[in-house]
Amino acid sequence: MSELGALVEITHTARKRLDPLGPDAASAVERLREELERTPHLGRRVRVLDHGAEVWVTRVEARADCPALSVTYVYAPHPAPPTGAIVTVVPDDTRSEDV
């Protein structure tokens with residue numbers, strides 16, 4: 001088993017937002033959670049909070065039964081061990097803005 005970069009959870013609020021998006025969206029976010037444990041800096045850092053915590057936004061690409069998703073997570077490197085929390089998941093409709 002590879003060493004973890006961070007312990008990452010999906011918050012209750014994020015899980016509630018996933019429910020109406022279906023099981024494929026929930027599965028995609030779970031795979032993202034696993035990837036964040038190995039590589040906690042995915043996407044775009046949008047803010048640095050007190051004590052070095054960082055807010056990041058990343059995108060999960062659309063699949064057959066899953067829309068593209070915008071996922072916001074918080075990464076806290078201190079105190080050890082580093083931790084992260086997926087705090088919100090919303091459908092990402094940026095493609096419609098490009099039209």
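Everything below is about the structure shown above.
Residues numbered from 1 in each chain as written. Predicted model: local features only at pLDDT ≥ 70, side-chain atom pairs only at ≥ 80, totals over all residues. Heavy atoms only, no water.

A. A look at the overall build of the protein. The helix and strand inventory of the protein stands at 3 helices and 5 strands. Listing each helix as α and each strand as β along the protein from the N terminus yields β-α-α-β-β-β-β-α. Its C-alpha radius of gyration of 14 Å places the protein within 12% of the 13 Å reference for a compact globule of 99 residues. Dimensions along the principal axes, computed over C-alpha positions, put the protein at roughly 40 × 30 × 25 Å. Across the 99 residues in the protein, those meeting the buried criterion constitute 36%. Put simply, the protein shows about 6300 Å² of open surface, and 53% of that area lies on carbon and sulfur atoms. For the protein, the distance from the average site of its 12 positive side-chain charges to the average site of its 16 negative ones is 2 Å. (Helix = DSSP H or I, 4+ residues; strand = E, 2+ residues; numbered from the N terminus. Rg over C-alpha atoms; globule rule 2.2 N^0.38 Å. Buried < 20%, exposed > 50% of the residue type's maximum accessible area, 1.4 Å probe, protein only. Areas by Shrake-Rupley, 256 points an atom, 1.4 Å probe, with all protein chains shown as cover. Lys, Arg positive; Asp, Glu negative; His and termini not counted. Charge placed at Lys NZ, Arg CZ, Asp CG, Glu CD.)

B. Inspection of the sheet that holds strand E4 (residues 69–76) at higher detail. With respect to topology, 5 strands assemble into an open sheet ordered E1-E5-E4-E3-E2, the strand pairing being mixed. Strands at the two margins of the open sheet, each flanked by one partner only, are strand E1 (7–10) and strand E2 (44–48). Sheet twist, expressed as the mean angle between neighbouring strand axes with direction ignored, is 25°. Pairing between E1 and strand E5 (residues 83–91): 4 bridges, direction parallel. The residue of E5 that forms the bridge with valine 8 is glycine 84. The sheet strands contacting helix H2 (residues 23–38) are E1, strand E3 (54–60), E4 and E5, and the helix crosses E1 at an angle near 160°. (Pairing = 2+ DSSP bridges. Axes fitted to C-alpha atoms, helices over the stretch in contact; angles between N-to-C directions. Contact = heavy atoms within 4.5 Å.)

C. The arrangement of the packing of aromatic side chains in detail. Throughout the structure, instances matching the rule amount to 1 aromatic pair. Taking the centre distance of 6.4 Å and the plane angle of 15° together, the rings of tryptophan 56 and tyrosine 73 count as stacked. Here the residue tryptophan 56 occupies a position in strand E3, and tyrosine 73 occupies one in strand E4, the gap between them amounting to 17 residues. (Phe/Tyr/Trp six-rings, centres within 6.5 Å; stacked < 30°, edge-to-face > 60°.)

D. Geometry of the pairing of E3. Most of E3 sits out of view: 6 of its 7 residues are buried. Note: E2 against E3, 4 bridges, orientation antiparallel. Residue pairing for E3: arginine 47 is matched across the bridge by valine 55. The turn linking E2 back onto E3 is made up of 5 residues, and histidine 51 within it adopts a positive phi angle of 60°.

E. A look at the pairing of E4. The element E4 is largely enclosed, with a buried count of 7 among its 8 residues. The sheet contact formed by E3 and E4 spans 7 bridges and is antiparallel. Residue pairing in the sheet places valine 55 in a bridge with valine 74 of E4. With 8 bridges connecting them, E4 and E5 associate as antiparallel partners. If you follow valine 74 over to E5, its bridge partner there is alanine 85. Hairpin connection between E4 and E5: a loop of 6 residues separates the two successive antiparallel strands.

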